[in-house]
Amino acid sequence: MDRYGMQNQIACIRRSLFDQGYLDEQFIQLEELQDDANPNFVQEIVTLFYTDSTRLIQNIELTLTSRPTNFSKLDDYMHQFKGSSSSIGAKKVTSECAVFRQYCAAGNAEACIRSFQHIKQEHAILRKKLEFYFQMMGQAAVAQTT
Amino acid sequence: MSGNGASSSSLNMISGEDVVNNNLSALVVDDSPLLRLLHDIHLKKYGLKVQVAENGKVAVDLFHLGASFDLVLMDKEMPVMNGVEATKELRAMGVTSMIVGVTSKNGPGEQQAFMEAGLDYCFEKPLTPEIISFLLEELNKHNNKN
């Protein structure tokens, strides 16, 4: 694929992430913070998010299996998760986190468990899409220098 | 004053006259490495010298050691010492820096309790370019008076 074809493909991938509701305007603000002084800023932030959120997922899973259910702890973890998700513009993940917190507030453990499956699903889908997007951007950067 | 950090203006809309502040310093206090990096880069983009602290105690210790900052971004929920306690301590020490609370919990009661600890402002995280511009304008006004 030539350089322009690759750039077009990257633009399409990026547009679809917004059109399909995976990302919101917060991601654009991250992109605007990226510059020559911080050329990989977006990827660094996203990597940090996945490191941090993986830890939170493990903590939440452990807490969900404990009896009695510690809804206060669950809410604290999910508050952190929601904060991080919204900071990178992960729209669907953030929405699912909000739903989880509602079930937490209602003390509904079964619904929390179901909601958490949705969160993990959206978290994994977004990760794959962003990994592909960054991979394409990396290839385009290499193509530009050759 | 409290505010909502969810608006969408682009950094590109901010003119060069507005906001490059080479003499201002900021301390970002947050237990999330992602939020620390995000606010760090964001403030540096406006020309501020930035330090970070991972909890309220680290922030308070910095001031005890003689550090001073024009602006403190203070997360609310942190381990060891949370934002409310840290803000109270800093004000009790006589710290007159602008302290801005950043929180992802939306309840008005939560923000009020945080404000009463001694904040100048409280916003939802992450801070947007408009909010940072507003804070820097307020800082400049304050510095011009002195």
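Above this text is the structure in question.
Treat the numbers as computed from the prediction; the structure is a model and nothing was measured.

Student: I keep staring at the interface of chain B and chain A and nothing clicks. Help me out?
Tutor: Where interface size is given, it is often the accessible area lost as the parts come together that is meant. Facing the 23 residues of chain B at the interface are 24 residues of chain A. Carbon and sulfur atoms supply 59% of the area that chain B and chain A bury against each other, a total of about 1900 Å² over both sides. Taking the shortest distance from any N to any O, the salt bridge between A:Asp35 and B:Lys45 comes out at 2.8 Å. The interface formed by chain B and chain A contains 1 residue pair in polar contact (both at pLDDT 80 or more). With 8 residues, helix H2 (residues 33-45) of chain B is the single largest residue contributor to the side of chain B that touches chain A. For the side of chain B that touches chain A, the residue count by class is 10 nonpolar, 9 polar and 4 charged.

Student: How should I be thinking about the packing of aromatic side chains in this particular structure?
Tutor: The description of an aromatic ring pair uses the distance of the two centres, along with the angle that the planes make with each other. As enumerated under the stated definition, the model contains 9 aromatic pairs over all chains in all. Arranged with centres 5.7 Å apart and planes meeting at 45 degrees, the rings of A:Tyr133 and A:Phe134 form a pair that is tilted. Since its relative accessible area comes to 12%, A:Phe134 is described here as buried. Each ring, one from B:Tyr121 and one from B:Phe134, has its centre 5.2 Å from the other, and the planes form 80 degrees; the classification is edge-to-face. Placement of B:Tyr121 in strand S6 (residues 121-124) and of B:Phe134 in helix H6 (residues 129-145) is noted, with a sequence separation of 13 residues between them. Using a relative accessible area of 12% as the deciding quantity, one classes B:Tyr121 as buried. A relative accessible area of 23% places B:Phe134 in the partly exposed class. Taken together, the ring pairs in this structure connect A:Phe49, A:Tyr50 and A:Phe81 into an aromatic cluster. A cation over a ring is seen here: A:Lys92 above A:Tyr22, with NZ or CZ 4.3 Å from the ring centre.

What counts, and where the lines are drawn
Residues numbered from 1 in each chain as written. Chains lettered and ligands numbered in written order. Predicted model: local features only at pLDDT ≥ 70, side-chain atom pairs only at ≥ 80, totals over all residues. Heavy atoms only, no water. Contact = heavy atoms within 4.5 Å. Buried area = accessible area lost by both parts, 1.4 Å probe. Salt bridge = Lys/Arg side-chain N within 4 Å of Asp/Glu carboxyl O. Polar contact = N/O pair within 3.5 Å; in protein donor to acceptor, adjacent residues only side chain to side chain. Helix = DSSP H or I, 4+ residues; strand = E, 2+ residues; numbered from the N terminus. Nonpolar A, V, L, I, M, F, W, Y, C, P; charged D, E, K, R; others polar. Phe/Tyr/Trp six-rings, centres within 6.5 Å; stacked < 30°, edge-to-face > 60°. Buried < 20%, exposed > 50% of the residue type's maximum accessible area, 1.4 Å probe, protein only. Lys NZ or Arg CZ within 6 Å of the ring centre and 35° of its normal.

Keep in mind these values describe shape, not function.
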